[in-house]
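In case you want the letters, here they are:
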Amino acid sequence: MAEKKKQDPGPSVKDAEVYEALRDDGASKEKAARIANASAAQGRSKVGERGGEAADYEDRTVEELRERAAELDIEGRSSMTKDELIDALRHH
């Protein structure tokens, strides 16, 4: 069975192991790089302690979801339904 060849993420990614694990889990390149660089700068356990404070996307209004999508520059957000916004935010 052929093994998937890993590409070097480049010099801007400071923790390639974390980056590759996140990419394998389906994270975008941008998100994986952001988390990998934070873990390299602050330590993996410190970065792992963060999060979990945001409300579930399903509990947010469409307007709140659109505001979050705007922060992330997700295109087409103004015409998306709530389910489409949630999917776009989760897979950004």
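Calculation criteria
- Residue indices follow the written sequence of each chain, beginning from 1 at its first position.
- Residues qualify for local features only when their pLDDT is at least 70, as the model is predicted, and side-chain atom pairs are given and counted only at 80 or more; totals for whole chains, interfaces and linings, by contrast, use all residues.
- Here the side-chain values reflect all heavy atoms present in the structure, with hydrogen atoms and water set aside.
- The way it works is that DSSP assigns letters per residue, a run of H or I at least four long becomes a helix, a run of E at least two long becomes a strand, and they are numbered from the N terminus.
- For every residue, the accessible area (1.4 Å probe, protein chains only) is compared with the maximum for its type, and the residue is labelled buried under 20%, exposed over 50%, or partly exposed between those bounds.
- Contacts are assigned to residue pairs with any non-hydrogen atoms lying within 4.5 Å of each other.
- Confidence scores per residue from the predictor, reported as pLDDT, run from 0 to 100.

## Examining the overall build of the protein
On a plain count of helices and strands, the protein comes out with five helices and zero strands. The N-to-C order of helical and strand elements in the protein reads α-α-α-α-α. By the burial criterion, 28% of the 92 residues in the protein qualify as buried. A fraction of 25% describes how many contacts in the protein between residues 6 or more apart in sequence connect residues 24 or more apart.

## Points about the confidence of the model for the protein
Of all residues in the protein, 71% have pLDDT values of 70 or greater, and the mean over the chain is 79. Mean pLDDT values for the elements of the protein range from 61 in helix H3 (residues 44-49) up to 94 in helix H4 (residues 62-71).

## Describing helix H1 (residues 16-24)
Taken together, the buried positions of H1 are Val18, Tyr19, Glu20 and Leu22. Directly beyond the C-terminal end of H1, a positive phi value near 100° is found at Gly26.

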